[in-house]
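# Chain and residue survey
Here is how the chains run, residue by residue.
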Amino acid sequence: MNDVYRIIVNHPQLISFWDFAEQPGQEAIAKGPFPYPLTEMAGPIERVENGPFGAAAQVKLGQWWNLPRHACPELNFHGKDAKLTVLAWLKRENIPNRGCEAIAGMWNETEKKRQYCMFVNLNIWDSADQVCGHVSAVGGPTPGYKYCMTSAIGSTPIVKEEWHCVAFTYDGQYAKVYLDGVLDERENFNPYLYDSGLFDGGDDGADFTVAAVHRSNEMGNFYTGAIGGLAVFKEALGEDELAKLCEITV
């Protein structure tokens with residue numbers, strides 16, 4: 001267990017931290033105060049060595065994890081007072097982009113139950129391979145658009161076949177995204193002013209999903225590559241703190 005690992009699992013604002021140390025086919029059980037279990041979908045997810053915390057999950061196209069909404073109430077961020085941080089360690093696979101790649105969040109486009117989700121390669125507002133923090137107060141598409149367009153979007157492409165630490169925060173006023181512990185500033189988009197809060201999906205809202213979201217009546221927006229860790233906090237962490245959490249090199 002390295003120093004960053006200890007800081008994360010003992011952090012007073014931590015909800016859950018998944019290190020994906022389990023064997024393929026097993027539920028990934030979170031460390032921290034809420035040991036929520038992520039269930040592998042579409043077959044066992046391979047594990048590889050030399051991740052930021054040891055073993056890492058190697059996600060093939062079409063694989064993902066699910067955590068039912070009713071089983072993770074602490075991850076149901078909604079309302080005007082919603083505050084959160086989603087932090088992940090990624091090594092994207094060097095394959096052609098196939099569209100948006102979801103990392104983690106409660107985001108169901110099919111049923112207009114969007115709340116929050118971190119993506120890469122979102123492909124809106126002249127974006128491509130950057131990290132993105134999607135936020136929605138309405139659940140459905142942004143009024144006047146076909147899709148939800150409210151998102152913090154960085155300016156720096158996330159290089160494939162390299163480990164990177166990506167983060168998305170929301171403090172009730174601004175959504176922000178970070179790359180390797182640094183605010184990846186982009187004019188008008190990062191920080192992104194969004195003081196409308198997050199949608200309340202109710203009892204039948206979105207599940208918490210990792211590496212995919214529900215859209216167009218099926219799962220999609222699949223992430224492909226390694227995930228070495230995923231942490232969710234109940235506060236919008238600042239740049240100094242995120243820089244310390246992203247110090248790991250592999």
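Residues numbered from 1 in each chain as written. Predicted model: local features only at pLDDT ≥ 70, side-chain atom pairs only at ≥ 80, totals over all residues. Heavy atoms only, no water.

Along its length, the protein carries two helices and 19 strands. Its C-alpha atoms give the protein principal-axis dimensions of roughly 45 × 40 × 35 Å. Looking at the protein as a whole, 55% of its 250 residues qualify as buried. Sequence separation of 24 or more characterises 66% of the internal contacts of the protein that already satisfy a separation of 6 or more. Total accessible area computed for the protein in this model is approximately 10500 Å², and 48% of it derives from carbon and sulfur atoms. (Helix = DSSP H or I, 4+ residues; strand = E, 2+ residues; numbered from the N terminus. Buried < 20%, exposed > 50% of the residue type's maximum accessible area, 1.4 Å probe, protein only. Contact = heavy atoms within 4.5 Å. Areas by Shrake-Rupley, 256 points an atom, 1.4 Å probe, with all protein chains shown as cover.)

Here we come to the state of the cysteines. Under the definition given, this model contains one disulfide. With its sulfur 2.2 Å from that of its partner, Cys165 forms a disulfide with Cys246. Judged by the sign of its S-S torsion, about -45 degrees, the bond between Cys165 and Cys246 is left-handed. Residue Cys165 is located in strand β12 (residues 163–170), and its partner Cys246 is located in the segment after α2 (239–245); the two are separated by 81 residues in the primary sequence. Cys165 gets classed as buried once you look at its relative accessible area, which sits at 3%. Under the relative-accessibility criterion, Cys246 is labelled buried at 12%. The closest cysteine sulfur to the non-disulfide-bonded Cys117 is located on Cys100, 10 Å from its own sulfur. (Disulfide = S-S within 2.5 Å.)

Following the sequence through the fold, Ser136 ends up in the loop between β10 (131–135) and β11 (151–153). Taking the relative accessible area as the measure of exposure, Ser136 reaches 0% and is therefore buried. A polar contact of 2.9 Å, which involves the side chain of Ser136, links it to the backbone nitrogen of Gly139. Apart from the residues within four sequence positions on either side, Ser136 is in contact with Trp107, Arg114, Gln115, Cys148, Thr150, Tyr194, Gly197, Leu198 and Phe199. (Polar contact = N/O pair within 3.5 Å; in protein donor to acceptor, adjacent residues only side chain to side chain.)

Counting buried residues in β12 gives eight out of eight residues, a clear majority hidden from the surface. Every second residue of β12 is oriented toward a common face, with Trp163, Cys165, Ala167 and Thr169 on one face and His164, Val166, Phe168 and Tyr170 on the other, all of them buried. Pairing of strand β7 (residues 84–92) with β12, which is carried by eight bridges, proceeds in the antiparallel orientation. Following the sheet pairing, Lys91 is matched in β12 by Trp163. Here β12 folds back onto strand β13 (residues 174–179) in antiparallel fashion, the turn holding three residues, of which Gly172 has a positive phi close to 90 degrees. (Pairing = 2+ DSSP bridges.)

On to a negative patch on the surface. A cluster of acidic residues, Glu185, Glu239, Asp240 and Glu241, forms a negative patch on the protein surface. With respect to the helices and strands, Glu239 occurs in helix α2. (Patch = residues over 30% accessible without salt bridge, like charges linked within 9 Å, V, L, I, M, F, W, Y side chains within 5 Å. Salt bridge = Lys/Arg side-chain N within 4 Å of Asp/Glu carboxyl O. Lys, Arg positive; Asp, Glu negative; His and termini not counted. Charge placed at Lys NZ, Arg CZ, Asp CG, Glu CD.)

Looking now at the nonpolar core. Membership of the largest hydrophobic core comes to 63 residues, with the highest contact counts inside it found for Trp18, Trp65, Leu75, Tyr116, Phe168 and Phe208. When residues no more than four places from it in sequence are discounted, the contact partners of Phe168 are Leu84, Thr85, Val86, Tyr116, Cys117, Met118, Gly133, His134, Val135, Ala175, Lys176 and Val177. Of all hydrophobic cores here, the second largest spans 21 residues; its members include Ile8, Trp89, Tyr178 and Ala226. (Core = buried A, V, L, I, M, F, W, Y, C linked by side-chain atoms within 4.5 Å.)

Further remarks concern the packing of aromatic side chains. Applying the stated criterion to the full structure yields 14 aromatic pairs. Each ring, one from Tyr5 and one from Phe53, has its centre 5.7 Å from the other, and the planes form 70 degrees; the classification is edge-to-face. Within this pair, whereas Tyr5 is found in helix α1 (residues 3–9), its partner Phe53 is found in the loop between β4 (46–51) and β5 (54–59), the two being separated by 48 residues in sequence. For the pair Phe53 and Trp89, a centre-to-centre distance of 4.9 Å together with 85 degrees between the ring planes defines the contact as edge-to-face. (Phe/Tyr/Trp six-rings, centres within 6.5 Å; stacked < 30°, edge-to-face > 60°.)

The next thing to look at is unusual backbone geometry. Cis rather than trans, the peptide bond between Asn190 and Pro191 has omega equal to 5 degrees. Notably, Phe20 is not glycine yet its phi reads approximately 60 degrees, a positive angle. Note that Phe20 resides in the loop between β1 (14–18) and β2 (28–29). Classification of Phe20 as buried rests on a relative accessible area of 0%. The backbone phi angle of Asn188 is positive, close to 75 degrees, even though this residue is not glycine. One can find Asn188 in the loop between β14 (182–183) and β15 (192–193).

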